[in-house]
Amino acid sequence: VAVARLVEPQEPALPKPKKHWDEMPRSQQAGILCADERFQEWTQSQDADEAARYVRQVCGVASRATLDDHEIAAQQFDALVTQYRMDTGQMAAVR
C-alpha cells in the first residue's frame, strides 16, 4: 500500500510591485548601486564588495544599513549619488 502526501494547491505568487528609487531605503539604493557595473567603474572598484567599501568610506559608516537612520550619512550618500549621476550624464548639472 502506498501513501501519498496531499499538498494544498497554492495560488501563484504575485510579483512584488516595483518601488520607485525614492521610495527605497538608502541601504537598498546603495546595494543596487554597488551591484551596478557602471557605478563600480565610476568608483574605480573591481566588484560590488569594493564599491560597497567605497560607499561606506565616503559616507563614514560601518554598514550601509546606517544610511537609513543617520542623517549626516544619508546626506553624504545623496550627494554621492547626485555626483555619480551628473558625472555619468544621468542628471543635468546643477546650476
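Residues numbered from 1 in each chain as written. Predicted model: local features only at pLDDT ≥ 70, side-chain atom pairs only at ≥ 80, totals over all residues. Heavy atoms only, no water.

Peer 1: Please give an account of the nonpolar core that cites residues and values.
Peer 2: In this structure, Leu33, Cys34, Phe39, Val55, Cys59, Leu67 and Phe77 are the most contacted members of the largest nonpolar core, which totals 17 residues. Residue assignment for this core shows that the elements contributing at least two residues are helix H1 (26–35), helix H3 (48–59) and helix H4 (71–87). Per-element accounting of this core gives the leading share, 5 residues, to H4. In contact with Val55, not counting residues within four places along its chain, are Ala30, Cys34, Phe39, Leu67, Phe77 and Leu80. (Core = buried A, V, L, I, M, F, W, Y, C linked by side-chain atoms within 4.5 Å. Buried < 20%, exposed > 50% of the residue type's maximum accessible area, 1.4 Å probe, protein only. Helix = DSSP H or I, 4+ residues; strand = E, 2+ residues; numbered from the N terminus. Contact = heavy atoms within 4.5 Å.)

Peer 1: Any details on the packing of aromatic side chains? Residues and values, ideally.
Peer 2: All chains considered together, the criterion is met by 4 aromatic pairs. Here the aromatic rings of Trp42 and Tyr54 are separated by 6.5 Å at their centres, their planes lie at 80°, and the arrangement is edge-to-face. With a gap of 12 residues between them, Trp42 in helix H2 (residues 37–42) and Tyr54 in helix H3 connect regions that are remote in the sequence. You can call Trp42 partly exposed: its relative accessible area is 24%. Taking relative accessible area as the criterion, Tyr54 reaches 28% and is therefore assigned partly exposed. Members of the aromatic cluster, each reached through a chain of ring pairs, are Phe39, Trp42, Tyr54 and Tyr84. (Phe/Tyr/Trp six-rings, centres within 6.5 Å; stacked < 30°, edge-to-face > 60°.)

Peer 1: Mind laying out H3, listing which residues take part and the relevant values?
Peer 2: In a regular helix each residue adds 1.5 Å, so 12 residues correspond to 16 Å; H3 covers 16 Å between its end C-alpha atoms and thus fits that length. Taken together, the buried residues of H3 touch H1, H2 and H4. Two residues or fewer past H3, Gly60 is found with a positive phi of approximately 70°. (Expected span 1.5 Å × (residues − 1).)

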